[in-house]
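One letter stands for each residue in the lines below.
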There are 2 protein chains.
Amino acid sequence: MSVNAAIASESLTRSVEDYLKAIYQLSPEGRPASTSEIAHLLALSPPSVTGMVKRLSEHGLLEHVPYRGVQLTDEGRRAALRMVRRHRLIEAYLVEFLGYSWDTVHEEAERLEHAVSDTMVERMATALGNPVVDPHGDPIPTVDGSIHEPACTALSDVPVGETVEIHRVHESQPERLRYIASLGLRPGVRVRVLDRQPFDDLVTIEVGGDQHVIGRELGHVLQCAREGDQ
Amino acid sequence: MSVNAAIASESLTRSVEDYLKAIYQLSPEGRPASTSEIAHLLALSPPSVTGMVKRLSEHGLLEHVPYRGVQLTDEGRRAALRMVRRHRLIEAYLVEFLGYSWDTVHEEAERLEHAVSDTMVERMATALGNPVVDPHGDPIPTVDGSIHEPACTALSDVPVGETVEIHRVHESQPERLRYIASLGLRPGVRVRVLDRQPFDDLVTIEVGGDQHVIGRELGHVLQCAREGDQ
DNA sequence: CGGATAATTTAGGATAGCCTAATTATCTCG
DNA sequence: CGAGATAATTAGGCTATCCTAAATTATCCG
Ligand SMILES: [Mn+2]
Ligand SMILES: [Mn+2]
Ligand SMILES: [Mn+2]
Ligand SMILES: [Mn+2]
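Source: prediction; values computed, not measured.

Rules used throughout
Residues numbered from 1 in each chain as written. Chains lettered and ligands numbered in written order. Predicted model: local features only at pLDDT ≥ 70, side-chain atom pairs only at ≥ 80, totals over all residues. Heavy atoms only, no water. Buried < 20%, exposed > 50% of the residue type's maximum accessible area, 1.4 Å probe, protein only. Helix = DSSP H or I, 4+ residues; strand = E, 2+ residues; numbered from the N terminus. Arc of directions from axis to C-beta. Contact = heavy atoms within 4.5 Å. Near = heavy atom within 4 Å. Polar contact = N/O pair within 3.5 Å; in protein donor to acceptor, adjacent residues only side chain to side chain. Least-squares fit on C-alpha atoms with pLDDT ≥ 70 in both. Donors = N, O, S within 2.8 Å, 3.2 Å for Na, K, Ca; no water. Pairing = 2+ DSSP bridges. Domains from an automatic or database assignment. Buried area = accessible area lost by both parts, 1.4 Å probe. Salt bridge = Lys/Arg side-chain N within 4 Å of Asp/Glu carboxyl O. Nonpolar A, V, L, I, M, F, W, Y, C, P; charged D, E, K, R; others polar.

> Is there a simple way to think about helix H7 (residues 118-128) of chain B in this case?
The periodicity of an α-helix, 3.6 residues per turn, causes residues three or four positions apart to be oriented the same way. Of all the positions in H7(B), only Met120(B), Val121(B), Met124(B), Ala125(B) and Leu128(B) are classed as buried. The buried residues of H7(B) occupy one face: seen down the axis, they fall within an arc of 140°. Elements in contact with the buried residues of H7(B): helix H5 (74-97) and helix H6 (105-112) of chain A together with helix H5 (74-97) of chain B. A positive phi of about 80° marks Gly129(B), the residue just after H7(B).

> Looking at this structure, I do not really get the protein's contact with DNA strand C. What am I missing?
Lining the immediate surroundings of DNA strand C are 22 residues, of which Thr13(A), Ser48(A), Arg55(A), Ser36(B) and His64(B) lie closest. Near-protein atoms of DNA strand C (within 4 Å) split between backbone and bases, with sugar and phosphate holding 79%. Residue His64(B) places a side-chain N or O atom 2.6 Å away from a phosphate oxygen belonging to DNA strand C. At a separation of 3.2 Å, a phosphate oxygen of DNA strand C approaches a polar backbone atom of Tyr67(B).

> Looking at this model, I keep getting lost on the relation of the copies chain B and chain A. Mind explaining?
One chain copy maps onto the other through a rotation about an axis and a shift parallel to that axis. The transform that puts chain B on chain A rotates by 180° and translates by 0.0 Å along the axis, for an RMSD of 0.0 Å. Interpreted geometrically, this transformation is the action of a two-fold axis.

> Sorry, what's going on with the coordination of the manganese ion (ligand 3) here?
Angles at a metal have ideal values that depend on geometry: 109.5 degrees with four tetrahedral donors, 90 or 180 degrees with six octahedral donors. All names here are of chain B. Surrounding the manganese ion (ligand 3) are the protein donor atoms Asp18 (OD), Glu110 (O), Glu110 (OE), Glu113 (OE) and His114 (NE2), at 2.0 to 2.4 Å. Donor residues for the manganese ion (ligand 3), ordered by position in the chain, follow D-x91-E-x2-E-H. Each member of the pair Glu110 and His114 is classed as buried.

> Would you mind going over the pairing of strand S2 (residues 69-72) of chain B with me for this structure?
Taken residue by residue, a regular strand's side chains alternate between the two faces of the sheet. Residue and element names in this part refer to chain B. In this structure, strand S1 (residues 62-65) lies alongside S2, joined through four bridges in antiparallel fashion. Each bridged residue has a counterpart across the sheet, and for Leu62 the counterpart in S2 is Leu72. In sequence, S1 turns back onto S2 through a hairpin of three residues, with Tyr67 there showing a positive phi of about 70°.

> I would appreciate a short explanation of the coordination of the manganese ion (ligand 1) in the present structure.
All names here are of chain A. Donor atoms from the polypeptide that coordinate the manganese ion (ligand 1) comprise Asp18 (OD), Glu110 (O), Glu110 (OE), Glu113 (OE) and His114 (NE2), at 2.0 to 2.4 Å from the metal. Mapped onto the sequence, the residues coordinating the manganese ion (ligand 1) show the spacing D-x91-E-x2-E-H. Linking Asp18 in helix H2 (residues 14-26) with Glu110 in helix H6, this pair joins segments that are 92 residues apart in sequence.

> Would you mind showing me how to read the protein's contact with DNA strand D here?
Taken together, 21 residues lie near DNA strand D, and Ser36(A), His64(A), Thr13(B), Ser48(B) and Arg55(B) sit nearest. When the atoms of DNA strand D within 4 Å of the protein are sorted by group, sugar and phosphate make up 80%. Thr50(A) places a polar side-chain atom, nitrogen or oxygen, 2.8 Å from a phosphate oxygen of DNA strand D. Arg55(B) is positioned with one of its side-chain polar atoms (N or O) 2.4 Å from a phosphate oxygen of DNA strand D. Every element with two or more residues in the surface near DNA strand D is listed here: helix H3 (35-42) and helix H4 (46-58) of chain A together with helix H2 (14-26) and helix H4 (46-58) of chain B.

> Hey, could you run me through the domain arrangement of chain A in this one?
By a frequent convention, interface size equals the accessible area lost on bringing the separate parts together. Domain annotation of chain A identifies domain 1 (3-72), domain 2 (81-149) and domain 3 (153-225). Look at where the C-alpha atoms of domain 1 of chain A and domain 3 of chain A centre, and you get two points 32 Å apart.

> What should I look at first to understand the interface of chain B and chain A in this one?
Residue-level contacts link 16 residues of chain B with 16 residues of chain A. Approximately 1400 Å² of surface area, both sides summed, lies buried where chain B meets chain A, with 58% of it carried by carbon and sulfur atoms. Here chain B is connected to chain A by zero salt bridges. Where chain B packs against chain A, one counts eleven residue pairs in polar contact (both at pLDDT 80 or more). Contributions of two or more residues to the side of chain B that touches chain A are made by H5, helix H6 (105-112) and H7 of chain B. By residue number, the principal contributor to the side of chain B that touches chain A is H7(B), which donates four residues. Residue composition of the side of chain B that touches chain A, grouped by class: ten nonpolar, three polar and three charged.

> I keep staring at the sheet that holds strand S7 (residues 210-214) of chain B and nothing clicks. Help me out?
Pairing between the strands of a sheet is mediated by backbone hydrogen bonds and can be parallel or antiparallel. All names here are of chain B. The six strands are arranged S3-S8-S4-S5-S6-S7 in an open sheet whose pairing can be described as antiparallel. On the outer flanks of this sheet lie strand S3 (153-154) and S7, each paired with one strand and no other. By the bridge criterion, four bridges tie strand S4 (residues 163-169) to strand S8 (residues 222-225) in an arrangement that is antiparallel. Directly across from Glu165, in S8, lies its bridge partner Ala225.

> Would you mind showing me how to read the sheet that holds strand S8 (residues 222-225) of chain A here?
Residue and element names in this part refer to chain A. Strands sit in the order S3-S8-S4-S5-S6-S7 across an open sheet of six strands; the sheet is antiparallel. The strands lining the two open edges of the sheet, one partner per strand, are strand S3 (153-154) and strand S7 (210-214). Of the pairings in the sheet, the one linking strand S4 (residues 163-169) to strand S5 (residues 190-196) comprises three bridges and is antiparallel in character. Within S5, the residue paired with Glu165 across the bridge is Arg190.

> Would you mind showing me how to read the pairing of strand S6 (residues 203-207) of chain B here?
Residues and elements named next belong to chain B. When you tally the buried positions in S6, you get four out of five residues, the bulk of the element. In terms of strand pairing, strand S5 (residues 190-196) meets S6 through four bridges, oriented antiparallel. Bridge assignment links Asp195 to a residue of S6, and that residue is Thr204. Between S5 and the antiparallel strand that follows it, S6, lie six residues; Asp200 among them carries a positive phi value of about 65°. One ladder, built from five bridges, connects S6 with S7; its direction is antiparallel. Paired with Glu206 across the strands is Gln211, a residue of S7. In this structure, the hairpin formed by S6 and S7 is closed by a connection of two residues, where Gly208 is found at a positive phi of approximately 55°.

This is the structure we're talking about:
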C-alpha cells in the first residue's frame, strides 16, 4: 500500500494535482467540497469534475458521496499539501531571486509546481533559508505535510478603533494585488480601523499616514492578526 | 499567419515540443530525420511517431515525405530552437544557482523547459550574465533563434601528437557524465592525444598529468576544438 | 529482375481529460 | 406535501497521445 501510494504519487498528472490542491483549498479542515465549487475554482464544467472525482476516489485520493460532496483521504491530503508547499516555495523563490513581484508569481508557480522535482523544491527552500510564509503571507507546509494556519480576522470584521497587522492577502488576481499594493497594504503592515459604515461592510482604515475605504470583498481578502489572535 | 503562428506557439504541448526538439537535434542542418530515429530518441514506437508527424505537418511545423523522412519548416525550427535555448539556459541556471552537477541537470531541464515562461527564461539568462554555452559546452541559441555551432572534431579523430581543447560533451546519461568527469574531462580542459590503436578507434590521451584510454563511443561524445578549427 | 529484409505506415484500440445536453436528486417554500 | 429551482450526475462525443498487430513500401543483392 505504501509502495502503491509512492508509485501512484510519482505519476499524478497536472490535472490531478490541481484538483487535489483545489479541494484542499476549498476546505483545509476537511469539510466536504461541492462539485460546483471545484468546477468554479478550476474553471471547468461540473460534469468534468464529477468524472474526475469518480476516478480520484477509485484511486483512493478522495471520498465521494454522490450529491453530497468530496473529502480528501489522508493520501489525497498529503498530495495536496505537497503541491501547496511547492506552489508557495516557488512563489517565494521567484520573488527573492528572479525579480518577480507578488502579482505575477501565482501564474508562474501554477505551472512550475507540476514540473519541479522534490530535489529542486528543497534546494529552493534552502536557498531561501526555509521560509515559513510565501509572498502573500500564506504559510508553507513542511516537507512532512504539517501546516500551521494561524488564526486570522478579516479586516472587515476588525472592531473600530483597533490596530491590527496584515498577515495574509488572500488574492491571486494580478490587478487586484497591484491595487492592494498601491494602498501600501501587504503582509506585516499595521493598519488602524477608523470607522465602519452600517451597511456593506465598508471600513475606513489608516495605513502609513493615509486613509482608505475598503469594501467587503477586499475586506475579506485582507486577513489580519489581532492582539488576541494566536 | 504571424498571428496564427503566435497563437499556435502558445499552445504547443509538451509532446509536440519534445518532438520538434528531437527532430532538430537529429539534424540541425535540416537533413531529413527518419521515423525510427525519432522514435528511438523519444523512446516511442514508430507508429506513434508516424501519427504525430502527420499532425505536425498539418500544422505546418514540419514537412513529411512518406517513407522518406521529415524536415522542420521555418516555424518548426524556430519552435525547436526556442526549446533548445530554454533547456540549455535552465541547465546552466541549475548548475550556477541551485547546486546541480552536470549529470543531474538534463532530467530536470527536460521537464522545466515546458513549464517556464519566456519571462522566466530571460530572467535566468540575465542572472547568469547571458551565457553562450551550457554546462556541457553546448551553444545556447539567442532569443531571435540564431545559433552558432562551432566546428568540432571528435576526440577519436584527433591526430596523434596533437593537443586539443574539449569543447562539448555530447552526453546526457548521468552515469556516463560522472565517469567522464572522473577522468578530469569537461569543457575547457586541454587534452593531448598520445597514441591510437589500429582498430576500434582506441586513443590514449593525457589530461592533467594522467593517461587514459578512450573507446569509440566516448571518443565521439567528446567534441574538441583543434587549432585549425574556427 | 524478384524476393528477402528492414523501415514505415495503416488499422484498430486504449486512456486521460474535457465539453454540451439531458436526466435525476435534493432542497425550499407556500 | 409537492412543485419549481438548483445542483449533480449520466449520456454521448471529441481531441491528444500512446500502443500492438498487420499491411505496405523501399532497398539491396544475387
Ligand atoms: Mn497548477
Ligand atoms: Mn501565494
Ligand atoms: Mn522535454
Ligand atoms: Mn546540456
